[in-house]
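This is what each chain is made of:
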Protein chains: 2
Amino acid sequence: MLDPVKVGILGLGTVGGGVVNVLQRNAKEIANRAGRGVQVTHASVRDVSKPRSCPTDGIVLSEQPTDIVNRDDIEVVLELIGGTTRAYDLVMKAIANGKHVITANKALIALHGNEIFAEAQKVGVNVAFEAAVAGGIPIIKAIREGLSGNKINWLAGIINGTTNFILTEMREKGRDFNDVLKEAQALGYAEADPTFDIEGIDAAHKLTILSSIAFGVPLNFEATYTEGITKIERLDVEYAEQFGYRIKHLGFARCTDNGVEMRVHPTLIPASRLIANVNGVMNAVLVNGDAVGPTLYYGAGAGSEPTASAVVSDLVEVVRTLTVDPENRVPHLAFQPGSIAQKVRFLPMDEVVTAYYLRLLADDRPGVLAEVARILSETGISIEAVSQKEPPEGVNQTDVVLLTHKVKEKHLNEAIKRIEALQSIKGAVKRIRVESLH
Amino acid sequence: MLDPVKVGILGLGTVGGGVVNVLQRNAKEIANRAGRGVQVTHASVRDVSKPRSCPTDGIVLSEQPTDIVNRDDIEVVLELIGGTTRAYDLVMKAIANGKHVITANKALIALHGNEIFAEAQKVGVNVAFEAAVAGGIPIIKAIREGLSGNKINWLAGIINGTTNFILTEMREKGRDFNDVLKEAQALGYAEADPTFDIEGIDAAHKLTILSSIAFGVPLNFEATYTEGITKIERLDVEYAEQFGYRIKHLGFARCTDNGVEMRVHPTLIPASRLIANVNGVMNAVLVNGDAVGPTLYYGAGAGSEPTASAVVSDLVEVVRTLTVDPENRVPHLAFQPGSIAQKVRFLPMDEVVTAYYLRLLADDRPGVLAEVARILSETGISIEAVSQKEPPEGVNQTDVVLLTHKVKEKHLNEAIKRIEALQSIKGAVKRIRVESLH
């Protein structure tokens, strides 16, 4: 394998720290996917003496970000400092120096993306920004590549976790806006100055980016109508509910014959829509393409490692481009052919551990349930819930329905065999597996 | 711009016809994204005399698919005939002839992908198969590229529309399995021989593919435990509901210390999970990565144009690879820099058309609602729903809440101004936009 690609990081805060942690933890996996390792050699921080949220062994720390973008040996620069003035200068300098740039900075792209991309195109480097919209959800990739055969009709997104958390709490717990905002700040979901979130500016940055890649128009933050959630009262949330709607803070963009529509505002959505059920700090984007119809992308829109997930995936993409033949840039099975595990053990069902739903037809007499429970207990299976209905007049058999806790399938099979042998049980025990999908 | 890339299609059935239709309808959009046009020059069909679901002007039809894979001028072959014997031979021949191959054939990839990919890697061509799993949802791309920084812990998918339709109908309408199956066949959601769907084989093909790209293991269909939904009774659906669960036909794969677990079977899922609310023929895949946490991808898993969406997106990817410098393979804003519309009109809010939620504080006396309704009617706004509560004892004002049909924002503003001027209305009218997101 080639030497690792050398990477410099501007900013080792929440996101930068997450990136270093993910790159270290998944180093082998990442190299096997990308065809080459990644090495963070330099990082800039505001104060080198401060404690870090990630290990920094082998990383040269500096308070001078320009040192990093000017180093000859660094091939990829991760811009994770935020803001639109210093970050802009550093990104432009990095591009001018022929470095690929990866950024999580939505404001920078929404406000200066047109110039940045023109410069990158001229120099022949990549500027990747998956992390700028909806954190860990690969929504840029989905629209820009996964739906590239479609004319995108419209898209709608819950693209700010703070406002979604506030609206979710208002609905689920009948709380007031200010009350929830304070909690969100205490939990770290909202900034000390929450203006960017609650006034919709952050969502408008993201919507601006989504609109451009969906409709093929230049980035135009100024044209995005922006309204926050500060005027939403508990009462409105309740009235909406009574009409069968949920209030969500939505970014909505549509391509019409009269022009491109981009707007961020509180929106009533029918409660039955999947996107209306996206709660808490989670994000989701619903995209409507003319061929594919509606598709939805859901996940964590912020946070250290979810955002790092997007940054690192962009990095894998850049490394693949630098390393592999274009025809086989992405390996067919995601991992480089030589690194696909060949001695894999596939688990037989006997060893699979899962919870179960069991339904049995039993004589309707005292003691039957106790017999079943005894067998389950003896085979090490504990019961989560039981339901037994009174049989109708004149019928002397009844359904017993059980949910078990997790158990190895082998033991469950044993228990079922013993239960089916009971005189009081008629026919086969019906079993369906249960997954909580946490 | 370069000459269009020449494409040959094997099979002009449901999916092949959809591909031709999408390529024609979105030709300009696709060329602007890919940097080069696409031209379908040849297609093979079983019977050239039959009517087609797509225009075939300019396409040479033949009953000999080998003619197509052997033509020197064809650069990309789309394999859309299905099956695993003829399709295998044709794909291997196309690869040997140096052609890029795009396929929607899940069985072919699940059963013969290991050999096919090894051959493609050797020759240096791409074999793309986004359409093989979950139709139009770009799930292969999401896992293989969008989440490439993660160790994937597990994934769970509703990846067969037929079984999801049947289970949804059983739950929502209390219908029996056989009854719904017959309807699904009549609607074209299920084949005349539905075995592949209802016995879980189709889902197992897809899960096999997802597991490989998630965990870096060879394709191993044999190791996938497969159980269909034929034994699920209405009663089980009801009991599950009572416990707070939904029964879904789920493909589940996990990477454990003991081995890789791959299983397709009916599964109880807590009703509150987003994936438990994926209904009808829709598909969804939930992926849990160590950095990103849970992400979900939702959309149409089958059908002519949703599947074509995935095939064409793969084609755009191949064309980008053939045409553009690797560093700028995917244009920053999805469309090639020269084809981004520069004279774009962005719609001012005055012209935006949407429905509204209105809340007004009104005197609690007869005739107030009539006055409001008259103003709305005079400004061309029709009312979808109204709710007016009895005020508490001693209070003589009450909330009137209205939902309007769609209206231009300018007219709504006019109406609000007039309503606010009414003596019987106190303070400002509260307004929130409503989107049905159909």
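The coordinates are above.
Residues numbered from 1 in each chain as written. Chains lettered and ligands numbered in written order. Predicted model: local features only at pLDDT ≥ 70, side-chain atom pairs only at ≥ 80, totals over all residues.

Q: I tried to follow the interface of chain A and chain B on my own but got confused; where do I start?
A: How big an interface is tends to be stated in terms of accessible area lost as the parts join. Listed per partner, the contact involves 116 residues of chain A and 116 residues of chain B. No other element matches the 11 residues that strand S10 (residues 259–270) of chain A contributes to the side of chain A that touches chain B. Direction of pairing for strand S17 (residues 425–434) of chain A relative to strand S10 (residues 259–270) of chain B: parallel, over a ladder of 2 bridges. When the sheet's bridge partners are listed, A:Arg433 is paired in S10(B) with B:Thr267. (Contact = placed C-beta atoms within 7 Å. Helix = DSSP H or I, 4+ residues; strand = E, 2+ residues; numbered from the N terminus. Pairing = 2+ DSSP bridges.)

Q: Can you help me understand unusual backbone geometry in this one?
A: Most peptide bonds are trans, and most residues other than glycine sit at a negative phi. Residues and elements named next belong to chain B. Despite not being glycine, alanine 334 shows a phi value in the positive range, around 75°. Along the polypeptide, alanine 334 turns up in the loop between helix H12 (304–323) and strand S13 (353–363). We classify alanine 334 as buried; it has 21 C-beta atoms within 10 Å. (Buried ≥ 20, exposed ≤ 12 C-beta atoms within 10 Å, placed from the backbone.)

Q: How do you make sense of the sheet that holds strand S2 (residues 38–44) of chain A when you look at a structure like this?
A: Strand pairing in a sheet relies on backbone hydrogen bonds. The paired strands run either parallel or antiparallel. All names here are of chain A. Ordered by their spatial adjacency, 6 strands build an open sheet running S3-S2-S1-S4-S5-S6, and the pairing between neighbours is parallel. With one partner strand each, in any of the chains shown, strand S3 (60–62) and strand S6 (127–128) form the two edges of the open sheet. Pairing of strand S1 (residues 5–10) with S2, which is carried by 6 bridges, proceeds in the parallel orientation. Within S2, the position partnered with valine 5 by the bridge is valine 38.

Q: Honestly, helix H2 (residues 27–34) of chain B in this entry has me stumped. Any pointers?
A: Since the α-helix packs 3.6 residues into each turn, any two residues three or four apart lie on the same face. All names here are of chain B. By the burial criterion, the buried members of H2 are Glu29, Ile30, Asn32, Arg33 and Ala34. The inward-facing, buried residues of H2 abut helix H1 (14–25), strand S2 (38–44) and H12. Count one or two residues on from H2 and you reach glycine 35, which has phi positive near 90°.

Q: Can you walk me through the nonpolar core in this structure?
A: Across soluble globular proteins, nonpolar side chains have a tendency to be buried as a group. The biggest cluster of nonpolar side chains holds 302 residues, and the ones touching the most others in it are A:Ile143, A:Val311, B:Ile143, B:Ile275 and B:Val311. Apart from residues no more than four positions distant in its own chain, A:Val311 is found in contact with A:Val15, A:Val19, A:Leu78, A:Ile102, A:Ala104 and A:Ala131. (Core = buried A, V, L, I, M, F, W, Y, C linked by C-beta atoms within 7 Å.)

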